[in-house]
Amino acid sequence: MSEAGLRIVVVDDHTVMRAGVIALLAAEDSIEIAGEAGDGRAALDLVERYDPDVALVDLRMPVLDGVATTAEIVARYPRTRVLILTTYDTDTEIERGVEAGAIGYLLKDTTREQLVDAIHAAARGETVLAPRVAEKLVARLRRPVQEPLTDRETEVLGAVADGLTNAEIGRRLVIAEATVKTHLLRLFAKLDVNDRTRAVVVAMERGLLRRPRP
């Protein structure tokens, strides 16, 4: 494929951020902005209409999020490469994006030069990862297999995330407070943490608890 005049679409629900990305790329002769969208469903319409080489896609969007949008583009329009551009760099977000079929994963602190290079690399079919993302993926692969939480441990951890005390958790789940403490100790060991706050953070990073939308 010739890299001259690569056609791309920019998909981000934040109007200012989307405009900023477009402004960054506007002076790049080798890239043509074919269209922009504020949600995943509109993005699919753009890809169908313009057949872009690359789609720059954010993760958190209304109607259809970035992961679902990526999966749809990969399945329905395989010529278009999806390059995720987001602020989210947790293990779970990265894995979901890559598993959906994104060819690259960049963070929004990427420089203009890095973004342009990444778009060209993605169009060539090359995997593009921000250094911090690559480090996380390597660390994830090297991490020993974790023992899964039981349903009850997940319920206890969810109650912790809601800010409940051990006594309140016991009342919610109709179990003794001592049993709550036992479940906490076991899930602390499985998550390799020493306190409640860290347990919630790690569980969210691993996708064991749903992260509240901002």
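Residues numbered from 1 in each chain as written. Predicted model: local features only at pLDDT ≥ 70, side-chain atom pairs only at ≥ 80, totals over all residues. Heavy atoms only, no water.

K.L.:
Got a minute to help me understand the pattern of salt bridges in this structure?
P.N.:
One side chain can pair with another of opposite charge once the charged atoms of both are near each other. Overall, the coordinates contain 16 salt bridges when judged by the stated rule. Residue Arg 124 is joined to Glu 126 by a salt bridge in which the shortest nitrogen-to-oxygen separation is 2.9 Å. Judged by its relative accessible area of 43%, Arg 124 is partly exposed. Across the pair Asp 162 and Arg 172 runs a salt bridge, and its minimum N-O distance is 3.0 Å. Here Asp 162 is found in the loop between helix H7 (151-161) and helix H8 (166-173), whereas its partner Arg 172 is found in helix H8, with 10 residues between them in sequence. The exposed category is assigned to Asp 162, whose relative accessible area is 52%. (Salt bridge = Lys/Arg side-chain N within 4 Å of Asp/Glu carboxyl O. Buried < 20%, exposed > 50% of the residue type's maximum accessible area, 1.4 Å probe, protein only. Helix = DSSP H or I, 4+ residues; strand = E, 2+ residues; numbered from the N terminus.)

K.L.:
What should I look at first to understand the UniProt feature "domain: Response regulatory" (unreviewed entry) in the protein chain in this one?
P.N.:
UniProt marks residues 7-123 with the feature "domain: Response regulatory" (unreviewed entry), using the numbering shown here. Counting secondary structure, residues 7-123 comes out at 48% helix and 22% strand; the distance between its end C-alpha atoms is 10 Å. (UniProt positions renumbered as here; feature names shortened; annotations may be inferred.)

K.L.:
Can you walk me through the packing of aromatic side chains in this structure?
P.N.:
Describing an aromatic ring pair means giving the distance of the ring centres and the angle of the ring planes. Scanning the model with the defined rule gives zero aromatic pairs in all. Sitting over the face of the ring of Tyr 88, Arg 60 holds its NZ or CZ atom 4.1 Å from the ring centroid. (Phe/Tyr/Trp six-rings, centres within 6.5 Å; stacked < 30°, edge-to-face > 60°. Lys NZ or Arg CZ within 6 Å of the ring centre and 35° of its normal.)

K.L.:
Would you mind going over helix H3 (residues 66-76) with me for this structure?
P.N.:
Buried residues of H3: Gly 66, Val 67, Thr 69, Thr 70 and Ile 73, and no others. Along the axis of H3, the buried positions cluster into a sector of 160 degrees, meaning they face one direction only. Contact partners of the buried residues in H3: helix H2 (40-50), strand S3 (54-57), strand S4 (81-86) and helix H4 (91-100). The opening residue of H3, the one whose side-chain oxygen lies 3.2 Å from the backbone nitrogen of Val 67, is Asp 65. (Arc of directions from axis to C-beta. Contact = heavy atoms within 4.5 Å. Polar contact = N/O pair within 3.5 Å; in protein donor to acceptor, adjacent residues only side chain to side chain.)

K.L.:
What am I meant to see in the UniProt feature "modified residue: 4-aspartylphosphate" (unreviewed entry) in the protein chain here?
P.N.:
According to UniProt, the "modified residue: 4-aspartylphosphate" (unreviewed entry) feature falls on Asp 58. Inspection of the secondary structure puts Asp 58 in the loop between S3 and H3. You can call Asp 58 buried: its relative accessible area is 3%.

K.L.:
What is the right way to look at the nonpolar core in this model?
P.N.:
Residues Ile 8, Leu 25, Leu 56, Leu 83, Leu 106, Leu 115 and Ile 119 are the most contacted members of the largest nonpolar core, which totals 46 residues. If you tally residues by element for this core, the top one is helix H5 (residues 112-123), at seven residues. Once residues within four sequence positions are removed from consideration, Ile 8 is found in contact with Leu 25, Ile 31, Glu 32, Ile 33, Ala 34, Gly 35, Pro 52, Val 54, Leu 56 and Ile 119. By size, the runner-up hydrophobic cluster in this structure holds 21 residues, among which are Val 156, Ile 175, Leu 184 and Val 200. (Core = buried A, V, L, I, M, F, W, Y, C linked by side-chain atoms within 4.5 Å.)

K.L.:
What's the story with unusual backbone geometry in this structure? I'm lost.
P.N.:
Leaving glycine aside, a negative phi is the common case for residues, and trans is the common case for peptide bonds. Unlike most non-glycine residues, Asp 51 shows phi in positive territory, near 50 degrees. Tracing the backbone shows Asp 51 in the loop between H2 and S3. The class for Asp 51 is partly exposed, based on a relative accessible area of 36%. Of note in the backbone geometry, Val 63 takes a positive phi value of approximately 70 degrees without being a glycine.

K.L.:
Before we go on, may I ask you to explain the environment of Ile 31 in this structure?
P.N.:
Take Ile 31: it is sitting in strand S2 (residues 31-37). Along the sequence, Ile 31 and Thr 69 sit 38 residues apart, while their C-alpha atoms lie 22 Å from each other. Ignoring any residue separated from it by four or fewer positions in sequence, one finds Ile 31 in contact with Leu 6, Ile 8, Leu 25, Val 116, Ile 119 and His 120.

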